[in-house]
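Coordinate analysis (summary)
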Amino acid sequence: MPNRAAVARILIDLIKADRVIDGREIETYELLRQKFGITPEHERRAYEMSFGEAVAECRTPDTPAGVSEASDLLGTFQKVTECDGTSPREEALLMLALKFCLDKNFPDSDVISLCVSDALIDERQVLYVESRHDKDVNFEISSNKRHISNELKLCGLDFVFLPDILAHYNSTDRELFDKVLKLLNPKLDEDEIRNLHRTISLYKTDRFCVEQLSRKLGFKELDDTDPALLLRISHSKVGDRIVTNFLRINLEQGRVVDTVNLIVDTFLAYHSSDRIMVSHKKDAGGSFLYSGFYRQMFEIFFMRDNGPDTLLIDLKDGALRFLGCREPIPDITRRERAYYVLMLFESMNLNREWNDEEMWEPVQTFIRGEGRREQMKVLQTRFSEIYELVGNRQEDSVPDIKIPEVRTQMKSRLNRALRKLSNRVSDVEPFMLQYDRRTQGLCISVEPNRVRCKEWHDTLWEEVPFLESDLFKRLKEIR
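Residues numbered from 1 in each chain as written. Predicted model: local features only at pLDDT ≥ 70, side-chain atom pairs only at ≥ 80, totals over all residues. Heavy atoms only, no water.

1. Focus on the environment of Leu-414
Residue position: Leu-414 is located in helix H18 (residues 404-419). For Leu-414, a relative accessible area of 3% puts it in the buried group. As a C-alpha pair, Leu-414 and Tyr-339 span 75 residues in sequence and 9.3 Å in three-dimensional space. (Helix = DSSP H or I, 4+ residues; strand = E, 2+ residues; numbered from the N terminus. Buried < 20%, exposed > 50% of the residue type's maximum accessible area, 1.4 Å probe, protein only.)

So, in C-alpha cells, the structure goes:
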C-alpha cells in the first residue's frame, strides 16, 4: 500500500491545479479516499508534505508487483484529471511529472520542490542543467538544437541552453552592454560592471548551476546533478509556505532527442486544449534582450548569496573572509593565513591532479616531516610565495613550516578561529583542518566551488573561483 498522505497530497494538487474545483472532482476524491483509506490525519500530514516528497514516497520497487502498483496509481491520478471532462495545461504538466517519475520505462526523473520567486524561473521554460561539463551531451544538444526547440514549442515551452544566452551577450556591443547594466542596477560602479562582464564571458552551464542555481536560489539537488532538463510544473501550499515544483529529467548520451520527443508526446497526450501559446522572441542585432531567461539570468546575478558559506582569499587586503560575514576571520596572523591558503591549495591540488597509479606520498605526510627533503622545500617555497601575498610588511621573516610545533600552533589557532564563526557561517565544518585517513595527514575537505580568490587582473581586482585563479596556477608551477 502506498503512503496514504503522499497519495492525498498528489490528489489534492491535481484537483487544485486548474484553480477550479468541480463537483465531479470532489465526488471522485471522496471515492478515492475510501479506496486508499485516507483519513483526516493523512490529509493533515499531506498538508505539510511537498509535491516532490509525495512523488518520492510513491516510487515503488522495480518488481512485477511494484510496477503494477505504480501503473494503478498513474491510472488513478489520470482519472482525477479526466473526471471533469477537461485536462488543461496545469494538470497535463503534473501528469507529465507523475508519468516520468513513476513509470519505470521512462528516463530517471524526480521532482524538486523549493521556495523560489516566480520571477526567476519562468513557467514556460525548459532549462538544461549540469554540475559537471558533459562534452558529449552538450554536442548532441548543439547538433539538434533546432529540433529540440521546435518540438518543445509544440507544448508552449521555450528551450533555454545557457551557451546561447551567453553567446548573445558576448556578441553585444560593449558600450551598450555596460550602459544597460548600469541602467538595471545603478549601484554598480565601473569595476563591478567590468567584473560582471568578464564573469559572463567566462561562464559555463556547470558553473552557473552550482554557483547561481544551487548556492543562490537553493536548488541543492543541482550541486551534483547529471545532465538534465528542468521545467517548472506547479505550485503547492506546504504548511504556511508557497512551494514551487520542478520536474528534473535526466539525459543520457545518445538519447537526448528521444527524451525530448517523449516529453512532447506525453504532454500532448494528457493535454486536452487545442490552443497552445508559442513564444516567437528572437535575438536581434544591436539590441539587448531583457525578457525570459535573458532577464532572469541578470536578476540571479544581481542577487546576493543565500548564506555566508563561501570563503574569499582576499589578496587586495591580505585577508581571509566569508562572503556573508565580510569581516576577516578573527584572531589569526599573517602566518596562519598563509598556512591556511597553502593547505587549501594542497588539498584541492591533491584531489584534482594526482591519481592512484602515480607513486606519490600525500602532501600532508610531507608537512608532518616524514617525506623527502626536496618535497618539503617545495612546500616551504609555496608557503613563502603565499606569505608575501597575504601581508603588507615585507621585512617579516618567513616562518619555517618544517618545524612541527609551528604547524601544530597554526592549526590550533585556525580551527579555534573558525569555530568562533559557527553561528554566522553555514556549514563551517568542511573549512576546518582535519585528519584524513586516506592521506594520513591534515586536509581541508571543503568543495572547491566554496572558495574564491580576489586578485588583480589587468586593471581591476576581481573575484574568481580559487581553482581558476592566477594564484592557484602560480603555486602549481612551483615544483
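2. What about the packing of aromatic side chains?
Applying the stated criterion across every chain yields a total of 10 aromatic pairs. Both rings, one in Phe-466 and one in Phe-472, keep their centres 5.3 Å apart while their planes meet at 90°; by these two values the pair is edge-to-face. When sorted by exposure, Phe-466 lands in the same class as Phe-472, which is buried. Put simply, the rings of Tyr-128, Phe-159 and Phe-161 touch in pairs and so form one group of aromatic residues. Above the face of the Tyr-387 ring, Arg-334 is positioned so that its terminal group lies 4.1 Å from the ring centre. (Phe/Tyr/Trp six-rings, centres within 6.5 Å; stacked < 30°, edge-to-face > 60°. Lys NZ or Arg CZ within 6 Å of the ring centre and 35° of its normal.)

3. Some thoughts on the sheet that holds strand E10 (residues 451-457)
Strands in a sheet are paired, the pairing made by backbone hydrogen bonds, and the direction either parallel or antiparallel. Strand order in the open sheet formed by 4 strands is E7-E6-E10-E11, with mixed pairing between adjacent strands. Edge positions in the sheet fall to strand E7 (319-322) and strand E11 (460-465), since each has one partner strand and no second. On average, each strand axis in the sheet is tilted by 25° relative to the strand beside it, whichever way the strands run. Summarising the sheet, E10 and E11 pair through 6 bridges and their orientation is antiparallel. (Pairing = 2+ DSSP bridges. Axes fitted to C-alpha atoms, helices over the stretch in contact; angles between N-to-C directions.)

4. Some points on helix H10 (residues 174-184)
Within the span of H10, buried status applies to Phe-177, Val-180 and Leu-181. What you see down the axis of H10 is that its buried residues fit within an arc of 105°, all on one side. Opposite the packed face of H10, turned more than 90 degrees from it, sit the exposed residues Glu-175, Lys-179 and Leu-183. (Arc of directions from axis to C-beta.)

5. Some words on the environment of Phe-36
Here Phe-36 is to be found in helix H2 (residues 23-36). Each C-alpha atom, one on Phe-36 and one on Arg-4, is 6.7 Å from the other, the two residues being 32 residues apart in sequence.

6. Observations concerning the side chain of Arg-248
Mapped onto the secondary structure, Arg-248 falls in strand E5 (residues 241-250). A polar side-chain atom of Arg-248 sits 2.7 Å from a polar atom in the side chain of Asp-110. Polar side-chain contacts of Arg-248 include one of 3.2 Å to the side chain of Thr-225. For Arg-248, the contacting residues outside a window of four places in its chain are Asp-108, Ser-109, Asp-110, Ile-112, Glu-221, Leu-222, Thr-225, Ala-228, Leu-229 and Leu-230. (Polar contact = N/O pair within 3.5 Å; in protein donor to acceptor, adjacent residues only side chain to side chain. Contact = heavy atoms within 4.5 Å.)

7. Comments concerning the confidence of the model for the protein
Across the protein, pLDDT averages 81, with 79% of residues at or above 70. Between the elements of the protein, mean pLDDT differs from a low of 45, seen in helix H16 (residues 363-367), to a high of 96, seen in helix H7 (residues 135-143). This model gives residues 61-68 a pLDDT under 50, and the stretch forms 8 contacts once residues within four places in sequence are excluded. In the predicted structure, residues 352-371 sits below a pLDDT of 50 and forms 43 contacts with residues beyond four places in sequence or in another chain. (pLDDT = per-residue confidence, 0-100.)

8. Some points on the environment of Leu-114
Here Leu-114 is to be found in strand E1 (residues 109-114). For Leu-114, a relative accessible area of 11% puts it in the buried group. In this structure, the C-alpha to C-alpha distance between Leu-114 and Val-238, residues 124 residues apart in sequence, is 10.0 Å. With near-sequence residues (within four places) excluded, Leu-114 lies in contact with Leu-217, Gly-218, Phe-219, Val-243, Thr-244 and Phe-246.

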